[in-house]
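Architecture and fold: a report
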Amino acid sequence: GVWWFRLALERSIGEQNIECVGFSEIDKFAKSVYLHHWPQTTDLGDISGIDIEGLPDFDLLTGGFPCQDVSVAGKQDLDNGRTILVEYLLRILEQKQPKWFVFENVKGILGSKFETFFNSILERIQGAWYTVKYKVLNTKNFGLPQNRERVFLVGNNTGKSITYPDPIELKHKLPYYLDRNVEDKYY
């Protein structure tokens, strides 16, 4: 869901330094989580219906586009798929020209089967006068309790260099958090 982009920003630069101009999410459960934590945020609805010209200016565009079409767990077929929703992110990027963007997707998008598709995304970004770098990061290396590899595309049109964070050393493994003396009724 879109909530994790905002949570990551709040944790890295502070909640008081963020003003969200809106979010787009169609999953009702993800949307309810977002609005539970940030009820004052504008729900822009389905990304395909956003009036881009009507959006206020902003400095950062974040987005994850559906991955089922390129995931090893999915059909691996772009025909009539939902991954094409990246087109709407690219249109917003091109028209609104925010200083920075962060997009994410599954690492399967880097596979040879999708090389042309991925390169077309990079070409659109560069054609809009952005410097872009991409890297596969695993959530387990950043304090999250899951093994989830994702490609992060980060870019800007400010001339500033782009760097990725170093992994965070894990201090504890699962047994550290488990109760050692558990009542029989839980077995």
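Small disclaimer: the values here were computed from a predicted structure and weren't measured.

What counts, and where the lines are drawn
Residues numbered from 1 in each chain as written. Predicted model: local features only at pLDDT ≥ 70, side-chain atom pairs only at ≥ 80, totals over all residues. Heavy atoms only, no water. Helix = DSSP H or I, 4+ residues; strand = E, 2+ residues; numbered from the N terminus. Buried < 20%, exposed > 50% of the residue type's maximum accessible area, 1.4 Å probe, protein only. Contact = heavy atoms within 4.5 Å. Areas by Shrake-Rupley, 256 points an atom, 1.4 Å probe, with all protein chains shown as cover. Axes fitted to C-alpha atoms, helices over the stretch in contact; angles between N-to-C directions. Parallel < 35°, antiparallel > 145°, perpendicular 65-115°, else oblique. Left-handed = near helix turned anticlockwise from the far one by under 90°. Nonpolar A, V, L, I, M, F, W, Y, C, P; charged D, E, K, R; others polar. Pairing = 2+ DSSP bridges. pLDDT = per-residue confidence, 0-100. 1 Å grid on protein atoms, 1.4 Å probe; cavity = no way out; pocket = protein on both sides within 12 Å on 5 of 7 lines; lining within 4 Å. Points joined across faces, edges and corners; volume = space filled by probe spheres on them. Phe/Tyr/Trp six-rings, centres within 6.5 Å; stacked < 30°, edge-to-face > 60°.

**A look at the overall build of the chain**
- A count of helices and strands for the chain gives five helices and four strands.
- Helices (α) and strands (β) of the chain occur, in sequence order from the N terminus, as α-α-β-α-β-α-β-β-α.
- For the chain, with 187 residues in total, the buried portion stands at 34%.
- Across the chain, contacts joining residues at least 24 apart in sequence account for 61% of those joining residues at least 6 apart.
- Working note: accessible area of the chain is about 12700 Å², and carbon and sulfur atoms make up 51% of it.

**Description of the packing of helix α3 (residues 86–96) against helix α4 (residues 115–127)**
- Two elements in contact, α3 and α4, have axes separated by 10 Å at closest approach and are oriented at 15°. Classified by the angle their axes make, α3 and α4 are roughly parallel. Regarding α3 and α4, the two cross each other, and that crossing is right-handed. Here Val 86, Glu 87, Leu 90, Arg 91, Leu 93 and Glu 94 of α3 come into contact with α4, specifically with Phe 117, Ile 121, Arg 124 and Ile 125.
- Tallied by class, the residues present in the contact of α3 with α4 amount to six nonpolar, no polar and four charged.

**What to know about the pairing of strand β2 (residues 100–106)**
- In terms of residue burial, β2 counts as a mostly covered element, since six of its seven residues are buried.
- Inspection of the sheet shows strand β1 (residues 60–64) paired to β2 by five bridges, in the parallel sense. Bridged to Thr 62 within β2 is Val 102.
- Relative to strand β4 (residues 149–156), β2 runs antiparallel, the two being bridged by seven bridges. In the sheet register, Trp 100 faces β4, and the bridge partner there is Asn 156.

**Details of the sheet that holds β1**
- The strand order across the open sheet built from four strands is β1-β2-β4-β3, with neighbouring strands paired in mixed fashion. Pairing within the sheet leaves two strands with one partner each, and these edge strands are β1 and β3 (131–138). Taken pair by pair, the neighbouring strands of this sheet meet at an average axis angle of 15°, ignoring direction.
- Across the face of the sheet, α3 comes into contact with β1 and β2 while running at roughly 175° to β1.
- Relative to β3, α4 is tilted by about 140°, and along the sheet it contacts β2, β3 and β4.

**Details of the confidence of the model for the chain**
- Confidence along the chain averages 86 in pLDDT terms, with 89% of residues attaining 70 or more.
- Within the chain, no element has a lower average pLDDT than helix α1 (residues 3–13), which sits at 78, and none a higher one than β3, at 96.

**Some words on the layout of surface pockets**
- There is about 200 Å³ of room inside the second largest pocket.
- Lining the second largest pocket we find Lys 140, Gly 143, Leu 144, Pro 145, Gln 146, Leu 170, Lys 171, His 172 and Tyr 177.
- Of the residues in the lining of the second largest pocket, the class split is four nonpolar, three polar and two charged.

**Things to note about the packing of aromatic side chains**
- Per the counting criterion, the structure on display carries six aromatic pairs.
- Taking 4.8 Å as the distance between ring centres and 40° as the angle between the ring planes, the aromatic pair formed by Phe 101 and Phe 103 counts as tilted.
- Accessibility expressed as a relative area gives 1% for Phe 103, which makes it buried.
- Counting every residue linked through ring pairs, the aromatic cluster contains Phe 23, Tyr 34 and Trp 38.

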